[in-house]
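Listed below are the residues making up each chain.
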Amino acid sequence: MNVPHQLKTFLDDVLLKAVSEIGEGVIVLDVPRIIYANEAFCKITGFSEDDLLSTPSFFHLVPDEDRESIREKITAHLKNRETTGQYETAVRGKSGRLIQLEMTASILQDQPPGRIVCVVRDVTRQKNMEERLQTVVTAAPIALFAVDRNGLFTLLEGSALEGLRLDAGRNLGWSAFDICRENPPMIQSLRRALVGEKFSVLLEEGPAVFEVHFSPLKDAKGEITEVIGVAVNITERRRMEAALRQRAEFEKLITTLSSHFINLPAPRLDLGIRNALQSIGQFIGVDRIRMFLQTNDKLKGPAFGWKDPTLLVPDEAEEDFFLADYPWFAGSIKKMDVLHASSPDDLPPEAASERKLLKLRGVQSIVVVPMVSAGNLIGVLTFSTLRSKKTWTEEDIALFKITGEMFAGALVRRQSEEALRGSEEKFRVLFNNAIDSIFLFEVSEDGTPGKFVEVNDIACFKLGYSREELLRMTFLDLAAAEDLNDLPKVFKKLLQQEHATFEKATLTKGGVKIPAEINAHVFQWGGRRFVQAIARDITDRKRAEETIRRQAYYDVLTSLPNRTLFKDRLEQAMKHAHRNKQMLGVIVLDLDRFKNINETLGHILGDKLLVAVAERLLGVLNESETIARFGGDEFTLLLPQVNSIEEATRHAQKIIELLGTPFKLNNHDLHVTTSIGMAFYPDDGENSEILLKNAETAMYRAKEQGRNNYQLYASVMNVSAFKQLLMENSLRRALEKEEFVVYYQPQIDLKTQRMIGAEALVRWQHPDLGLVFPTEFIGLAEETGLIVPIGEWVIRRVCSQNKKWQDTGCEKVCVSVNLSARQFQQRNLVAVISQILQETGLDPQYLGLEITETIAMKNADYTISALNELKKMHVHLSLDDFGTGYSSLSYLKRFPLETLKIDRSFVRDITTDPNDAAIVTAVVALAHSLKLDVVAEGVETEGQLSFLKTHDCDQVQGYIFSHPLSEENFLKTLKQAPKKT
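Quick caveat, the model's predicted, so the values are computed rather than measured. (Residues numbered from 1 in each chain as written. Predicted model: local features only at pLDDT ≥ 70, side-chain atom pairs only at ≥ 80, totals over all residues. Heavy atoms only, no water.)

A few points about unusual backbone geometry
That bond from valine 31 to proline 32 is cis: its omega, 10°, falls within 30 degrees of zero. Following tyrosine 681, the chain continues to proline 682 via a peptide bond in cis, the omega torsion being 5°. Among the structural elements, proline 682 can be located in the loop between strand 27 (674-681) and helix 24 (688-704). One non-glycine residue, glutamate 498, lies in positive phi territory at about 70°. Assignment of secondary structure puts glutamate 498 in the loop between helix 18 (487-497) and strand 19 (499-507). Given the relative accessible area of 51%, glutamate 498 is considered exposed. In this model, glutamine 753 sits at a positive phi of 60°, which is unusual for a non-glycine residue. With respect to the element layout, glutamine 753 can be found in the loop between strand 29 (740-749) and strand 30 (755-766). (Helix = DSSP H or I, 4+ residues; strand = E, 2+ residues; numbered from the N terminus. Buried < 20%, exposed > 50% of the residue type's maximum accessible area, 1.4 Å probe, protein only.)

This is how it looks when you write it as structure tokens:
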């Protein structure tokens with residue numbers, strides 16, 4: 001090691017060795033040169049010591065933009081002869097990577113001027129983490145604020161601040177009551193929160209709507225210290241909800257009016273149209289609606305109209321608009337698209353005539369809706385505002401199209417009935433403009449239809465034939481092959497009854513089937529009998545019926561068959577297998593721990609995962625097999641033609657491998673495993689219910705065997721279920737007879753090598769089975785709810801024993817107890833623990849409570865509230881199994897924790913797996929940055945222990961120090977423990 005003589009004189013051998021081996025970087029500057037660098041600094045920068053000593057100046061390592069600033073700080077430090085100085089700077093490592101450093105510099109006494117020693121810490125990861133956290137807060141659609149007891153803003157962050165008319169730069173430190181004086185609801189809410197009320201409220205700030213949550217914070221005396229507020233901008237959500245409601249209400253209105261038109265007698269149809277225009281105009285909030293009918297090259301009208309009664313303008317006289325005068329409009333309306341403009345100025349340059357007309361009439365905004373029937377333009381509807389501008393949305397335009405179709409149908413009917421009352425020509429208009437296909441033909445005594453004697457235009461249009469072609473055909477020529485033999489019978493029965501309604505398909509010229517509802521009447525003409533058949537296209541109705549059928553037999557989310565359809569197919573397959581003396585298989589599979597994904601990442605992502613799983617499962621099926629979703633995360637497969645059990649097991653193994661590939665959803669890599677159970681007909685059940693039940697039993701057996709495997713049903717499984725029932729009964733008696741015992745695993749402080757605490761672990765001293773470990777009964781206790789009284793017993797036992805040990809003069813240590821999910825969600829948890837501490841007399845600081853990430857995130861708001869109450873009692877709080885769940889850093893910093901416990905799954909391979917080593921290092925750094933202690937679980941080897949010491953882990957527990965000890969042996973350990981000095 002190249003150390004200058006003067007420096008070596010200054011540093012004796014012991015100090016030099018300590019500096020060389022210290023975990024943090026150390027350099028000595030003879031400003032500006034580096035004259036000494038320890039190994040840690042070399043490791044931080046990637047340079048060798050020779051590289052650093054040969055560098056002309058320390059400032060060469062600093063980026064250009066920071067170089068002058070750090071030079072000035074060090075020069076001022078030397079000039080003022082300050083003992084120490086704190087700097088933050090960046091240096092560029094040998095790889096070119098930018099490294100953020102914290103430097104503590106001290107002037108070396110009795111050394112030449114300009115010589116300083118710097119202790120250097122790499123804070124790159126910490127800085128990056130801080131930047132990421134700040135990015136999350138800044139980018140989220142929320143605003144965070146806090147006011148102290150005097151009403152002064154102490155925190156203002158988040159992208160939604162602007163909507164609340166708050167500015168972090170200008171308002172921080174100012175009185176909230178002054179800043180928000182023009183927002184009385186906000187001031188009233190702050191006052192409520194400052195007197196201790198926790199609540200949520202909706203606040204409006206101009207056009208914006210916020211959902212604001214107020215939470216007061218109290219000190220140890222119970223006095224309010226500050227109020228934390230979280231404001232979520234829900235303006236867009238409210239707008240979308242209003243738009244959806246408006247669309248639904250408008251569609252309901254249109255449906256009602258359309259139905260009304262259908263049933264309205266012809267003489268009252270005009271009045272119905274006027275009433276409909278009034279209803280629609282009032283609903284959508286326009287000033288005027290006018291209806292123009294097309295006649296040759298002009299629009300004549302208004303044929304019908306409506307205006308808002310509050311609109312003080314005279315009614316407009318009828319007039320004709322010649323399309324030749326408005327070429328842009330004429331060209332656009334031929335395309336039969338809805339035209340709309342929020343202002344005449346929004347029209348294109350070529351619409352000069354149209355723009356001039358609208359401005360002359362005082363129109364602010366307008367929508368023009370073509371009324372089309374059977375591909376023909378009947379006329380147009382215009383919706384306009386004259387007093388204010390209106391912006392039209394895509395939803396508005398879609399609804400306007402429906403309106404145009406409704407009025408087109410009404411007008412066609414009106415025109416047709418007028419023609420019918422007039423003359424034969426008017427009859428022809430009615431006939432050809434009817435919305436349904438109409439056929440006239442003679443029928444023989446045996447029901448055979450003759451050639452058509454008349455068809456209307458819509459029949460030609462829908463079927464794709466010319467009128468001349470259809471008049472050479474009979475109704476049988478339009479029938480589907482499966483109806484050819486049946487139709488003569490239908491018409492023969494029609495002759496007897498004179499009226500019939502039936503459903504048959506008609507074939508187009510291209511061979512497409514159109515489902516139709518046919519109303520047929522028999523009438524006499526010239527001594528011969530004819531049939532008038534009116535065929536209504538019911539494609540939409542059939543589609544709706546199919547939708548209803550799918551909803552009855554298919555899962556809405558995945559589109560897979562549901563339980564009802566699956567059981568129907570299973571029963572049919574079992575009948576076929578019985579007739580042919582074959583076997584079939586049923587597979588039930590359930591996604592492992594799917595509930596955790598729903599609870600941590602949300603049901604929307606959970607639903608996307610179920611859809612993705614369904615798509616993969618469909619990929620392994622052949623044509624004869626069926627996959628169904630039974631609900632939740634359970635799927636079933638029917639293998640109707642399985643030849644052997646081995647074939648079915650290969651199927652199951654393929655599914656396990658298929659689902660083992662991670663699912664990439666919303667930037668998450670989701671790893672899914674599945675538990676599979678199989679049962680076979682006829683050996684495992686001769687009806688569908690038993691077969692499905694036995695396959696499900698096998699699936700639960702797969703879960704008991706560690707998940708991610710398949711199990712075949714065997715009758716012994718029912719024996720196993722019976723044993724489980726016996727175990728549950730024994731568990732209930734065990735609580736009454738106090739058969740539970742507590743073991744204690746010491747926790748060691750790595751710096752002092754002293755035992756500073758222990759984790760309490762419950763065991764069951766079964767009278768017949770001996771000592772039963774938690775893995776064999778805790779799951780059953782959770783499922784039955786017995787975990788709550790068992791957990792309370794453990795806490796009481798630990799507190800009582802710890803107090804007794806302390807009273808005998810033993811070293812005082814904190815003993816931690818694990819809280820289960822059910823136990824933690826008990827609303828009286830804090831009261832129960834307080835009562836136990838009071839009854840046993842144990843100082844709360846010697847009781848620790850551990851919760852897992854999954855428990856903490858299940859209901860984060862409740863978790864924060866409960867932990868704060870426990871914290872006030874001075875109970876020690878730890879987060880167990882950290883890194884195995886989906887905890888949010890934003891919540892982690894709000895939990896009043898004292899300790900993070902690293903799960904043993906990460907500790908096990910830290911000496912061989914770089915990923916586990918990186919995770920442990922990151923967790924330690926994160927915990928320390930949050931001022932939390934770190935406990936590593938499952939430490940068993942010297943290599944693991946050395947790694948944890950090197951990376952500043954605070955405490956460990958594991959077999960390397962001690963197995964879990966009985967109360968008697970733990971007491972011996974306590975008595976031997978050295979006293980605190």
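Topic: the sheet that holds strand 5 (residues 115-122)
Strand order in the open sheet made by the five strands is 2-1-5-4-3, with antiparallel pairing throughout. One side of each edge strand has no neighbouring strand; the edge strands of this open sheet are strand 2 (33-37) and strand 3 (84-92). Averaged over all pairs of adjacent strands, the angle between strand axes in this sheet comes to 30°, irrespective of strand direction. Pairing of strand 1 (residues 25-30) with strand 2 involves four bridges; the strand directions are antiparallel. (Pairing = 2+ DSSP bridges. Axes fitted to C-alpha atoms, helices over the stretch in contact; angles between N-to-C directions.)

Let's talk about the pairing of strand 8 (residues 199-205)
In the sheet, strand 8 pairs with strand 9 (residues 208-218) via seven bridges, with the strands oriented antiparallel. Across the sheet, the residue bridging to serine 200 is histidine 213, located in strand 9. If you look at the hairpin formed by strand 8 and strand 9, you'll find two residues sitting between the two strands, and glycine 206 has a positive phi there, around 65°.

Comments concerning the packing of aromatic side chains
As enumerated under the stated definition, the model contains 25 aromatic pairs in all. With a centroid separation of 5.2 Å and 35° between ring planes, the pair formed by phenylalanine 439 and phenylalanine 452 is classed as tilted. You can see phenylalanine 439 sitting in strand 17 (residues 437-443) and its partner phenylalanine 452 sitting in strand 18 (residues 449-455), a full 13 residues away along the chain. Accessibility classification places phenylalanine 439 together with phenylalanine 452 in one group, the buried group. Taking 6.2 Å as the distance between ring centres and 85° as the angle between the ring planes, the aromatic pair formed by phenylalanine 491 and phenylalanine 502 counts as edge-to-face. Note that phenylalanine 491 is positioned in helix 18 and phenylalanine 502 in strand 19, a separation of 11 residues in sequence. Each member of the pair, phenylalanine 491 together with phenylalanine 502, is buried. Among the aromatic side chains, those forming a connected cluster through ring pairs are Phe439, Phe441, Phe452, Phe475, Phe491 and Phe502. In this structure, arginine 192 is placed above the aromatic ring of phenylalanine 199, and the distance from its NZ or CZ to the ring centre is 3.7 Å. One cation-aromatic arrangement involves arginine 763 over tyrosine 743; the distance from NZ or CZ to the ring centre is 5.5 Å. (Phe/Tyr/Trp six-rings, centres within 6.5 Å; stacked < 30°, edge-to-face > 60°. Lys NZ or Arg CZ within 6 Å of the ring centre and 35° of its normal.)

Overview of the pattern of salt bridges
Within this structure, the stated rule accounts for 44 salt bridges. Between arginine 71 and glutamate 68 there is a salt bridge, and its shortest N-O distance comes to 3.7 Å. Of the two residues, arginine 71 and glutamate 68 are both situated in helix 5 (residues 64-80); the distance of three residues between them amounts to about one turn of the helix. Notably, a salt bridge pairs aspartate 483 with lysine 504, separated by 3.6 Å at the nearest N-O pair. Of this pair, aspartate 483 sits in the loop between helix 17 (467-470) and helix 18 while lysine 504 sits in strand 19, and the two are 21 residues apart along the sequence. Relative accessible area serves as the criterion here: at 11%, aspartate 483 is assigned to the buried category. Accessibility expressed as a relative area gives 15% for lysine 504, which makes it buried. One salt-bridge network, in which partners are shared between bridges, spans Glu503, Glu517, Arg541 and Lys542. (Salt bridge = Lys/Arg side-chain N within 4 Å of Asp/Glu carboxyl O.)

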